[in-house]
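For reference, the chains in residue letters:
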Amino acid sequence: MATIEAGLDKLIISLDGTDAESYEQYRAGGNFDEVITGIKEIVKQKKAGGSKKPSVILQFLLLKSNQHQVKHIRQLGKDLGVDNVELKTAQFYEFKEGNPLMPDDPRLSRYKKIKPDTEDHPLYEIRNRMPNHCFRMWSSCVVTWDGAVVPCCFDKDATYRMGNLKEQAFEKIWKNEAYRKFRKKILSLRKSIDICMNCTE
């Protein structure tokens, strides 16, 4: 019940498979049944409290191992009673020569084939044109387990630390010099920032 009363507008739950086999191929050490049980409990508590918030969203990361389950995840979302199901294309650090986790269906990938260097060796590039803008820099951020504030979820190694909530209030971090400089760089030369080079926002 504490999750429902925390004041969240949105709660995103990653569920990258509609069965244990496909889910646990990517979420190593994960437990599909526990996640399903948790989702049911959240939805149950939300209804019991008569609350419209948080909006409960299932996020489905598109991979080769689960690409056949797109229709199934939408139905599962309905069965569980969540508010929405969102499909998310997978990001790979190494993608230029393809990746074994990359979906076969090009409509489910953030990458597209370009002219191959050999007939049986296709090369890939990101679909995004990388404009000098990113709405996330002014609308959201990510807080790591140890309190660090980083610009977004693409900063997986927390390289761009804007501050730490254990040391400073969020409002001050959000408006500090480090954040100001980072946003300025986004607006002038976004493609020079490594965490942005593989982004489709």
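In what follows, the structure referred to is the one given above.
All values derive from a computational prediction rather than experimental measurement.

(A) A look at the sheet that holds strand S7 (residues 148–150). Spatially, the three strands line up as an open sheet ordered S6-S7-S8, and their pairing is antiparallel. Every interior strand has two partners, whereas the edge strands, strand S6 (142–143) and strand S8 (163–164), have only one. Pairing analysis gives two bridges linking S7 to S8, with the strands arranged antiparallel. Pairing of Ala148 across the sheet is with Asn164, part of S8.

(B) Local environment of unusual backbone geometry. The omega angle of the peptide bond from Lys53 to Pro54 is 0°, so this bond is cis rather than trans. Locating Pro54 in the fold gives a position in the loop between helix H2 (32–48) and strand S2 (55–62).

(C) Geometry of the pattern of salt bridges. Per the counting criterion, the structure on display carries nine salt bridges. For the salt bridge of Lys64 with Asp104, the shortest nitrogen-to-oxygen distance reads 3.7 Å. Placement of the pair is Lys64 in the loop between S2 and helix H3 (70–80) and Asp104 in the loop between strand S3 (84–89) and strand S4 (111–118), with a sequence separation of 40 residues. Accessibility expressed as a relative area gives 53% for Asp104, which makes it exposed. As a salt-bridge pair, Arg180 and Glu177 come within 2.6 Å of each other at their nearest N and O atoms. Taken together, the residues span about one helical turn, with Arg180 and Glu177 both in helix H6 (residues 177–189) at a distance of three residues. The exposure class assigned to Arg180 is partly exposed, which follows from its relative accessible area of 42%. Judged by its relative accessible area of 42%, Glu177 falls in the partly exposed class.

Rules used in this analysis
Residues numbered from 1 in each chain as written. Predicted model: local features only at pLDDT ≥ 70, side-chain atom pairs only at ≥ 80, totals over all residues. Heavy atoms only, no water. Pairing = 2+ DSSP bridges. Helix = DSSP H or I, 4+ residues; strand = E, 2+ residues; numbered from the N terminus. Salt bridge = Lys/Arg side-chain N within 4 Å of Asp/Glu carboxyl O. Buried < 20%, exposed > 50% of the residue type's maximum accessible area, 1.4 Å probe, protein only.

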